[in-house]
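Geometric and topological summary
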Amino acid sequence: MLRSLALLTFLLLITPALKAAEPNWIDVSKSTMGEGDIAWYDAKLLTIEGQGWSDTKAPYDRLPPKAEETVRGSVWSLSRHSAGIAARFVTNATKIDLRWELTSSQLDMPHMAATGVSGIDLYVRDDAGEWRWLNCARPSAQKNTTTAISKIPEGTREYMIYLPLYNGVTSVEVGIPANKEIAPGPERPEGHQKPIIFYGTSITHGACASRPGMPHPAILGRRFDRPVINLGFSGNGRMEPEVAELIAEIDAAVYVIDCLPNIGAKEVLERTKDVVGILREAHPETPILLVEDRSYSNSFLVTSNRERNLTSREALKKMYDELQSEGVKHLYYLEGEHLLGDDNEGTVDSSHPTDLGFWRQADAFEEVLKPLLD
């Protein structure tokens, strides 16, 4: 309740300013005309968020080209998925179409729907300033064209699309009636422009959300009304210094290190101080949040999973205590026991969250991140 009241107060303060600013409409000559008088606009003309580097090898990569020579091959390959990348725009269109081409023909996974792996999620900011879900554009092939929403009442609104989680995209376009207008999304409010950076595993990457807007980093981005950068690498979030060096190049609001699902106690003891040290040297004042692994949802019975959770957490807590005793400032800690809730209903396979599990994780993260962002 308190969060909702605070958010409403904040939005009441900023909404008039947003409404007063005239959108910087994109000239229709920059579009490509399609059938039915639809004007197609390259998403790169809009406000792209979720990328820490602009000099990427492909338009929607998550790491810069130099990373190909420094990180492991698996990390580089996974960084070419568009997880967490979003485009914000303003339009007065009454119909919005989407057109996108995927890098892989594998649209889904055995435990994750095609809408999450390869779809595009559409949100709109309502009159109260809240982000509201509208539709998920469902993929049917490598090249997709679909109407995301139609019969929208007249009016100028801000929209956001989230790109596929476990696939890459070579192109993304937004189509609107040729007699309507579109503009990049407005700047984030003052104090909300620096991103939250998440470095983690397949869970951070987005497995197994039903659609791209449902992993906890995306949920938190909407709740805090600020950009997020998702550096989740499925099976490969291993707290590696090569990745930390890259992350340190980005001026963030908070660095979230959530790698325990991919490393055991031994690696936690060996790598935590190096990763924290790299970030702290580059950014002495920026908060760093260390996150324990979520509990396997069947660990109440499968004792080996329970042991895996406990040993890695013990190692991370030991490193956290040592870093604090060594005088490292602005270091914070999030326990993992209740990240997925207090029952065992929040995952697909005991490890990867459903939308319910992600929502619960977002609640837990929000509690610790809110005072850091304030």
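Refer to the preceding data block for the structure.
Residues numbered from 1 in each chain as written. Predicted model: local features only at pLDDT ≥ 70, side-chain atom pairs only at ≥ 80, totals over all residues. Heavy atoms only, no water.

1. Looking at the packing of aromatic side chains
Cut-off, in case you're wondering: For Phe, Tyr and Trp, rings pair up if their centres lie within 6.5 Å, where Trp contributes its six-membered ring, and each pair is then called stacked (planes under 30 degrees apart), edge-to-face (over 60) or tilted (otherwise). Counting from the N terminus, the helices are the DSSP runs of H or I reaching at least four residues and the strands are the DSSP runs of E reaching at least two. Summary of the burial criterion: residues with accessible area below 20% of their type's maximum are buried, those above 50% are exposed, and those between are partly exposed, where the area comes from a 1.4 Å probe applied to protein chains only. Any Lys NZ or Arg CZ that is within 6 Å of a ring centre and within 35 degrees of that ring's normal is treated as a charge sitting over the ring.
Throughout the structure, instances matching the rule amount to five aromatic pairs. Consider the rings of Phe198 and Phe365, whose centres lie 6.2 Å apart with planes at 55°: the pair is tilted. Of this pair, Phe198 sits in strand E12 (residues 196–200) while Phe365 sits in helix H9 (residues 355–373), placing them 167 residues apart in sequence. Of the two residues examined, Phe198 and Phe365, each falls in the buried class. Residue placement shows Arg99 over the ring face of Trp40; its charged tip is 4.2 Å from the ring centre. Positioned over the ring face of Trp359 is Arg223, at 4.5 Å from the centre of the ring.

2. Some words on the nonpolar core
Here is a general trend for soluble globular proteins: nonpolar side chains tend to be buried in one another's company. Rules: To form a nonpolar core, buried Ala, Val, Leu, Ile, Met, Phe, Trp, Tyr and Cys residues must be joined to one another through side-chain atoms within 4.5 Å. By definition, residues are in contact when any of their heavy atoms lie within 4.5 Å.
Ranked by internal contacts, the top residues of the largest apolar core, which has 38 residues, are Leu63, Ile257 and Leu290. No other element matches the five residues that helix H7 (residues 265–282) contributes to this core. In this structure Leu290 touches Ile257, Thr272, Val276, Leu316, Tyr320, Leu331, Tyr332, Tyr333 and Leu334, once residues within four positions along its chain are discounted. Within the second largest apolar cluster, 37 residues are counted, among which are Ile203, Ala218, Val256 and Phe358.

3. Digging into the state of the cysteines
We count it as follows: Only a pair of cysteine sulfur atoms within 2.5 Å qualifies as a disulfide here.
Counting across every chain of the model gives zero disulfides. Unpaired in this structure, Cys136 has its nearest cysteine sulfur neighbour in Cys208, at a distance of 15 Å. Looking at Cys136, the relative accessible area reads 8%, which means it is buried. Free cysteine: Cys259, not disulfide-bonded; nearest cysteine sulfur from Cys208 at 18 Å.

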